[in-house]
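The residues making up each chain are set out below.
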Amino acid sequence: MLDTLHRIVQEVTRANDLGKALQLLTSGVRKAIQADVCSVYLTDFDSREHVLAATEGLRPEAVGKVRLPMHRGLIGLVAERAEPLNLDDATSHPRYLYIPHTGETEYHGFLGVPIIQYRTVLGVLVVRQQQPRQFEDEEVTFLFTLAAQLAGAIKHAQASGELATLTNRRSSGSHFMEGRGSATGVAIGTGLVTYETADLGAVPDRAARDIPAERQRLLDAVDAVENELQRMKQRLADTLSCEDQALFDALIMMLNSDSLITRTIELIDEGNWAPAALRDTIGEHARIFDAMEDRYLRERGSDVRNLGNRVLKHLELTEPGGSSNPTRFPEQTILVGDEISVMQLAEVPREKLVGLVSARGSNSSHVAILARAMGIPAVMGVSDLPVNRMEARELIIDGYRGRVYVSPPPSVFDEYQRLADEERALSHELQALRELPAETVDGVRIPLMLNTGLVLEQQTIGAADAEGIGLYRTELPFMVRDSFPGENVQTINYHRVISEFAPRPVTLRILDIGGDKPLPYFPIEESNPFLGWRGIRILLDHPEIFLTQIRAMLRASVGFDNLHIMLPMITLLSEVDDALNLIHRAHDELIEEGYELNMPKLGVMIEVPAAAYQAEALAERVDFISIGSNDLTQYLLAVDRNNSHVARLYDDLHPVVLQTIRQITTAATAHDTPVSICGELAGNPAAAPLLLGMGVSSLSMSSGSLLRVKAVIRATSLPRARELLRGAMRCHDGDCVRKLMEHALDSLGLGGLVRPGR
Ligand code: PEP
Ligand code: MG
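Participant: Describe the domain arrangement of the chain, with residues and values.
Facilitator: For an interface, size is often stated in terms of accessible area lost upon the parts coming together. We note that the domain assignment places domain 1 (2-166), domain 2 (176-410) and domain 3 (439-717) within the chain. Domain 1 and domain 2 are separated by 31 Å when their C-alpha centres are compared. Contact residues are listed per partner, giving 14 residues for domain 1 and 17 residues for domain 2. The tally of links from domain 1 across to domain 2 stands at 0 salt bridges.

Encoded structure:
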């Protein structure tokens, strides 16, 4: 049964559309359980009905026609209770409902399991038997497992409008997919799918521009792979037995088979580009093998996929213009990906990039931080996103509410067009604040600093508007190389930023690798990277890396007096002591070598609850404290900042996060140690009055947030900020804090800073 389950799961996950997936599933299940009928009902939330969407055993014509009101019948009961129902004689149950037009005779045995995703029942998977039958426990869990697999595919279909077709309804078109609003703003544009090259499964549909050329590209790629295989066979001729060599012949035969080439060409002729046409034929072939009972033959499915990936590699080499071709990018590009890397983002010409959507990642993943720095609306963690069907689709992104609309109807389009116009007007108005200080109406000034370092900027964005750099992430030059950068290369980098900003302060953070920032040449295999070897932990274990970086920072500061050095991921006091010793050692050595140096200001980041509890002892040891609210939130709430499954639990406005920040601030100010916030919370206009009310000394944020936060500070007063803080501290959750602050910003006429429209 396990084998069968595995096979059905594979088939269902590989099916290209929900209709096909349901068909495969119902026929597979009916056979495996030897039931008379297997059906899937999907919930139509608009009409409040459960609609028969696939069946094996009932009349096929009933699909899409049988519609059961939500709270009626046994199907309704399974959905209502959100748990399985296993009855040996369904007809004697008070909720039994006889539905004549399905071709049903009386079915006695009944097993229904709900299809659930994120607490919502999306449908019911049901098997039925004419004879009375109590289904076994393992049959119940079998259906359970399959229902869980289906949930994702159903959400995909809902978002792309396919579900409306399946349930025989006109799509209202105003469906949207939800993720986390990771960079505010609204964007209207055209989807461009970015994917890991040489992964056939990830290839998106894309209209072929030149059908004959696509055909030729396919044939050339197939030829190239055939040559490769021939060469491999010859190379291994002495080592392989005749039987093993025959494997190559089989692969070559498969490659040249009519069913593979002719079918792929047919799909190209229908208008898809060669890689996607290949994806579909290879998928169809591999599925045939996957479905075979014989284990040996089943494994041939992966040979077919490998073959497909090889052909794909050659197709990529001949892609017209390749990925760098600017005409490939729509004028208003919305970049879509399963997971988008900083490098993939950087590939899109800046003037064409208007938005970002990804199935994985969350607000505080580094690509989201980068989107904010660039002022590009982003929605991350859209786990239902049917990525490979998003190419060239018209998309709307609402970065405030975390929504993505696919091919929206004119009413939604017009509404968002209006919001986008208002946004532009707002940004324009904010420009008037550029020369003005971040000062409250009662004269309290709070320096607004810049977070930077993640982008390879020529000119640091927002440099003119910031009072210094509160966080310079030094990881990027380490991430884009294939070995550690040396002391001289680092010195040049740091000198550029120190001199550009002088005399304004520049806070360089020492290397914070590990977690979600691995280095390709320093692999770390861990099951819990965020609780593992990261930040200061690595650097103290590798003093040679640490000392090289510190020496570079110190040498870069010769002639200037604005350098601040900051230590990330501090958990123990001893880590601070050890790190400070190393910094003093590097400083003394450089003085001995003849460098004329000032001692930089030294600080720690508080990102770990243990450090928050020892804020006072930390404050005694250093010149400044900076609170990394991104990590602090993840560790306080025990929510992985990159995991889209728990993204809705990640909330840096949670009262516990605010309370912790307040405690740190109180403890540090008792020692006259300044406290800044450099996590994303600092750039949230809704949080600014609260942080001001706590008495933090400065805020450091992405350039896109500077003027927005300034607008709020200039409109508020210290007593009002303290009053709002008291209100927030009475809240029990982040939503309560958000509502309170949205209301407060509305009353200042600044609601448009935290949600679309004014
Ligand atoms: C933080 O954790 O808040 C922070 C600023 O550091 P990073 O986002 O780079 O981990
Ligand atoms: Mg951090």
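Picking up where we left off.
Participant: Let's hear about the side chain of E487: which residues, and what values?
Facilitator: With respect to the element layout, E487 can be found in helix α15 (residues 487-501). Within the structure, E487 has its side chain in polar contact with the side chain of R555 (distance 2.7 Å). Look past the residues within four positions of E487 in its chain and what remains in contact with it is T548, R551, A552 and R555.

Participant: Give a detailed account of the sheet that holds strand β2 (residues 49-56), specifying residues and quantitative values.
Facilitator: With antiparallel pairing, the 6 strands of this open sheet are ordered in space as β3-β2-β1-β6-β5-β4. A single partner strand is all that each edge strand has here, and the edge strands are β3 (67-69) and β4 (85-87). Adjacent strand axes in the sheet meet at a mean angle of 20° when their direction is disregarded. Relative to strand β6 (residues 120-129), strand β1 (residues 37-44) runs antiparallel, the two being bridged by 6 bridges. By the bridge assignment for β6, C38 is matched with V127. Packing of helix α3 (residues 73-81) onto the sheet brings it into contact with β1, β2, β3, β4, β5 (109-117) and β6, and relative to β5 it is tilted by some 40°.

Participant: Break down the coordination of the magnesium ion (ligand 2) for me, citing the residues and quoting the values.
Facilitator: Bound to the magnesium ion (ligand 2) on the protein side are E607 (OE) and D631 (OD), at distances that span 2.0 to 2.1 Å. Placement of E607 in the loop between β19 (601-606) and α19 (609-613) and of D631 in helix α21 (residues 629-637) is noted, with a sequence separation of 24 residues between them. Taking relative accessible area as the criterion, D631 reaches 2% and is therefore assigned buried.

Participant: Describe the site of ligand 1, and please don't skip the residues or the numbers.
Facilitator: Residues in close proximity to ligand 1 total 17 residues, the closest being R473, E607, G628, N630 and R641. In this structure, an oxygen atom belonging to ligand 1 sits 2.9 Å away from a side-chain N or O atom of R509. In this structure, an oxygen atom belonging to ligand 1 sits 2.8 Å away from a side-chain N or O atom of E607. Here ligand 1 loses 100% of its free accessible area of 290 Å² to cover by the protein chains. Of all the secondary-structure elements, those providing two or more residues to the shell around ligand 1 are α12 (366-374), β16 (469-473) and α21. Per-element tally for the shell around ligand 1: the top contributor is α21, with 3 residues.

Participant: Go over the side chain of D280 with me, naming the residues and quoting the values.
Facilitator: For D280, the location among the structural elements is in helix α9 (residues 274-290). For D280, a relative accessible area of 14% translates into the label buried. A polar contact is formed between the side chain of D280 and the side chain of R279, at a distance of 3.0 Å.

Participant: Before we move on, could you go through the pairing of strand β15 (residues 448-452) and cite the residues and values that matter?
Facilitator: Burial within β15 is extensive, with 5 of its 5 residues counted as buried. With burial as the criterion, each face of β15 is covered, one bearing L448, L450 and T452 and the other bearing M449 and N451. Bridge count between β15 and strand β22 (residues 698-701): 3 bridges; the pairing is parallel. Paired with M449 across the bridge in β22 is S700.

Participant: How would you sum up helix α18 (residues 573-592)? Please name residues and give values.
Facilitator: In this model, α18 (20 residues) spans 29 Å end to end at C-alpha, consistent with the 28 Å of a helix rising 1.5 Å per residue. The complete set of buried residues in α18 reads L573, E575, V576, A579, L580, L582, I583, A586, H587 and L590. Against the buried residues of α18 lie α16 (536-541), α17 (543-556), β18 (563-567), β19 and α20 (615-621).

Participant: Describe the environment of E592, with residues and values.
Facilitator: By secondary structure assignment, the location of E592 is in helix α18. On the basis of relative accessible area, E592 is assigned to the exposed category, the value being 70%. Counting along the chain gives 584 residues from E592 to I8, while the straight-line C-alpha distance between them is 70 Å.

Cut-offs used in this document
Residues numbered from 1 in each chain as written. Chains lettered and ligands numbered in written order. Predicted model: local features only at pLDDT ≥ 70, side-chain atom pairs only at ≥ 80, totals over all residues. Heavy atoms only, no water. Domains from an automatic or database assignment. Contact = heavy atoms within 4.5 Å. Salt bridge = Lys/Arg side-chain N within 4 Å of Asp/Glu carboxyl O. Helix = DSSP H or I, 4+ residues; strand = E, 2+ residues; numbered from the N terminus. Polar contact = N/O pair within 3.5 Å; in protein donor to acceptor, adjacent residues only side chain to side chain. Pairing = 2+ DSSP bridges. Axes fitted to C-alpha atoms, helices over the stretch in contact; angles between N-to-C directions. Donors = N, O, S within 2.8 Å, 3.2 Å for Na, K, Ca; no water. Buried < 20%, exposed > 50% of the residue type's maximum accessible area, 1.4 Å probe, protein only. Near = heavy atom within 4 Å. Areas by Shrake-Rupley, 256 points an atom, 1.4 Å probe, with all protein chains shown as cover. Expected span 1.5 Å × (residues − 1).

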